[in-house]
Amino acid sequence: MSIMSVPRSQLVLLFMLLQYNVDSQQEVLIEESLEVESLHAPTGGAVELPCDVQPTQPEDRVGLVIWYKQGHESPIYSLDTREGVTSHWSDPAILGTRATFRTNTTPAVLILTRLRAEDSGQYRCRVDFIKSQTKNTRLNLTVLIPPDRLLIINQDGKEVDGGVLGPYDEDTTINLTCIAVGGRPTARVSWWKSHALLDNSEGKAKVSLNLHRSDYGTEVTCQAVTDPSITPLSRTLSVDMNLRPLWVRIQGGQRPLVAGRSTSLTCQVVGARPAPTVSWWKGANKMNSVTQTTTLDGNITSSVLTFVPSVEDSGRALSCRVVQPTLVHSTREDGWKLEIQYLPAVKLSVGANINAEKVVEGSDVYLDCRVRANPWHSHVSFTHDGVPVKPGVGVLLANQSLVLQHVSRAAAGAYVCSARNVLGDGHSQPLMLDVKFVPTCKSREAGVVRAARGEVVAIRCELDANPKKPMTYRWWFNSSTHSKKELKTSAMHSPYDELGTFQYVINSSEDYGWVQCAGQNSIGSQIEPCLFQILPAEKPSSVKNCEVTNVTYDSLSVNCTPGYDGGVKQIFVLEIYDTESGSLLRNLTNESPTFEVTELYSRAALTLSIRASNAKGSSDAFILTCSLIKYPERRTAAVPVRVELTTLLVTVLVGVGLFAVLAAVSATMCYCKYFNNRENNEKAKRPQDETSDVLLSGMKKTESNDSVDKNPDIIPIKSKISDNCSINSNRPLMSKASLDKLEPTFGSFHTLANSSQYDMKYRMPQTYQHVTPMANVGGNVCWQPCDNVYEDWLRYKNALPLDTSDLLPLEQLRPPEEYLPPPLVYSDTLRKTSASQLQDYERYDLRLCPVRVSAENNTAYYTPQPDYLRNNPMSPKQRLAKEGITSANKQMDTSLGSTELTE
């Protein structure tokens, strides 16, 4: 900032201050012996520096107040009221905004806030009055600085970190030294225990402590004080100690324990610091099922032992052992000898003189029950397969023994001995008594086997025996006509068959009777054999008196009377069909001929079939016809049917769609092919339309029908053919017109076409080397056996329409090399004919009709007949009849009117 920018009033004030500064230097020398007041204030606090501003003359006032600090030549603060305006100024580098001069107090004071260490020093306040003499006040300010920290050192010369001393063992002496670091003036350091002063000195303090159990957790404090006006700096430490347990006890005291019952014991340790190690011992064995907990204050530690005592633990020592690892000789222990109570321990065994493996039915057996219990038992009982054994005939109970006299097979099973004391009942392990006996029949009733003649039945001899292996079987047969005779078994069914099954064959009525079987095991032979009665068996008879009742909209009931069951258990089958479609609606099976049918949905008549069935077959069906009650017709609006799109329905719809697409594509292709063929035919006909076909006789299109009738070519063909095959010079014609107008007189040609039941547009033979085109029809190509062929050709020619303007003579046809070999052209319908049928047609064409017409080239040609046909002349129809195709000719004659031959 330049000097020109400073206001004029400030410049004047600055020069005045410099002048006063010079004067003040002279006054310092003069007033050097004046009294100096001392002031103290803490760092960061505030202080008030007094200044006497009272004038000595009346009606005088302060004109200028200037503050100086020792070590600074220029003023640090000023107050100017000479011009009637109060102006304050503070040196920004020294005081800044921390200084404020207050004149409304006596004396006036300069207030300094936020004191710093550098604020300490001597201050002088100079006051200039308007009339009175100038006054000077000197002050000495000391800014108090507390210590930075307290350093505590133990007896090992190491600094104590944190707020805990130790841990130290009980009855140990420790030395501590506390030093105040920093501060002005030097602080006084003291040690305190609770509210008792242990030591007090300047700069640092030492203390010596003898630690006892009561000193655990005691707090000692080191305190440093710089000035009473300043809060002292202190540090508190807690004394941590290792303490031995005061006592160890198992809660609940000594008491008996129950064997097999889970027990929990708690060992409590009081007064041990830190938490001790607690272990449980049973004799010399350490137990591991222990859970240890400690209270929040750490004074009580509890250890819980959970175990299941056994009978063998009785008399063993159980103890809780406590060890303080940090202290020597700190082991404590509590415990007692175990007294175990238990349920009676029972053991059941067979008498000493009895072999349990050789107990036979009818012998005597006794069982001994041994009991051990604490407390002693008061009652003993026995059970057989869970049923209590009571004394009776053949059963004796003596003390703790059970006697069974003349045991039977029913006495076999599991025996248990039970004893009771105050804790409950004790049971022995089951003792299995195995009684051996000879084989007997499992069923006391005779078995019934029904079979038909010629049938082989398997008869199983089911025996009850002990042991069951090895077992020998014997079989006998007995009837009214035969005395008891033994049946011999085959190698496949040996007497040692474990299943005891015999394959019995019924050949005649004499084989019906009684079959007996008996077994033998290691104990002996069976006394009474098992009986099986063999009776005839057949299919059941039909049911009778069937009726349908309870007919509703969707249900009905069927009741019948059963017939003869055929000697075998029978069942009844009901089948319900839809009479119109024949579909099966329901199939039910029941043991009686009574049926309740529900959920039937059919508006058509129903056919009911009821049959009886057994193992031999089924009876004839009993047929009934009925109808369900129809629902009344509804005249309301149609209700939309909700169709659920199942997977099957979606599959069917997709299949139908694909089939429709394929059908459409096929139809399009067929139409295109048909259209192309039609277009090609029209192109082929266009050049031929330019020339008119006329009759060989020269008859024109304008001739009348009378002249046509007089044409010798139209005379019946038989009158025009001579024996030597002389023919009119007229040539046969080829027509381009549709043959729909032609009469069906071309027999041989149409016979072959209609034999396959297809319409033929063109008939072309296969290519053969011996086939040559027929350029004309005359005596050079006609022989005696082919008169019928030519006759058919003339019939074809005479059948042409009267309008022959669209006919072409053979001279206008193309030469043979343009169409050899002549291809076969079939109608669209004939293309569906099988290959074998076409081969037959062509074979018959070559043999029976050598004349061929090429519809594509408008050409007729022939095939010379083989020698065997020339030597054996016959008409084409006779040859067809000889080779078995007369029926085809008849069929073609009947359908000749519907056959189309189109060029």
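The model shown is predicted, which means the values in this text are computed figures rather than measured ones.

This part covers the overall build of the protein. Helix and strand counts for the protein come out as ten helices and 58 strands. Across the 903 residues in the protein, those meeting the buried criterion constitute 39%. Of the contacts formed within the protein by residues at least 6 apart in sequence, a portion of 66% connects residues at least 24 apart. Of the roughly 52,000 Å² of accessible surface on the protein, a fraction of 52% belongs to carbon and sulfur atoms.

In this structure, Pro167 follows Gly166 across a cis peptide bond, with omega equal to 10°. Along the chain, the position of Pro167 falls in strand β11 (residues 164-169). Residues Asn374 and Pro375 are joined by a peptide bond in cis, for which omega reads 0°. Position of Pro375 relative to the elements: it lies in the loop between β29 (365-374) and β30 (379-384). Despite not being glycine, Asn545 shows a phi value in the positive range, around 55°. Among the secondary structure elements, Asn545 is positioned in strand β46 (residues 544-549). What makes Asn545 exposed here is its relative accessible area of 60%. Not every positive phi belongs to a glycine, and Glu599 is a case in point at roughly 55°. Of the residues examined, Glu599 reaches a relative accessible area of 54% and is grouped as exposed.

This paragraph deals with the nonpolar core. In terms of nonpolar packing, the biggest core is built from 27 residues, with Leu49, Val65, Trp67, Phe101 and Leu112 touching the most fellow members. Counting only elements with at least two residues in this core, the list comes to β1 (36-42), β2 (47-51), β3 (62-69), β4 (77-80), β6 (99-102), β7 (108-112), β8 (121-129) and β9 (135-144). Counting residues per element, this core draws most heavily on β8, at four residues. In contact with Val65, not counting residues within four places along its chain, are Val53, Tyr77, Ser78, Leu79, Phe101, Cys125, Arg126 and Val127. Judged by nonpolar contacts, the second largest core, of 23 residues, contains Ala205, Leu237, Met241 and Leu243.

In the structure shown here, the tally under the stated rule is 18 salt bridges. For the salt bridge of Arg98 with Asp119, the shortest nitrogen-to-oxygen distance reads 2.9 Å. Of this pair, Arg98 sits in the loop between β5 (87-90) and β6 while Asp119 sits in the loop between β7 and β8, and the two are 21 residues apart along the sequence. In this pair, the class of Arg98 matches that of Asp119, namely buried. When salt bridges that share partners are traced, they join Lys282, Asp313 and Arg316 into one network.

Conventions we followed
Residues numbered from 1 in each chain as written. Predicted model: local features only at pLDDT ≥ 70, side-chain atom pairs only at ≥ 80, totals over all residues. Heavy atoms only, no water. Helix = DSSP H or I, 4+ residues; strand = E, 2+ residues; numbered from the N terminus. Buried < 20%, exposed > 50% of the residue type's maximum accessible area, 1.4 Å probe, protein only. Contact = heavy atoms within 4.5 Å. Areas by Shrake-Rupley, 256 points an atom, 1.4 Å probe, with all protein chains shown as cover. Core = buried A, V, L, I, M, F, W, Y, C linked by side-chain atoms within 4.5 Å. Salt bridge = Lys/Arg side-chain N within 4 Å of Asp/Glu carboxyl O.

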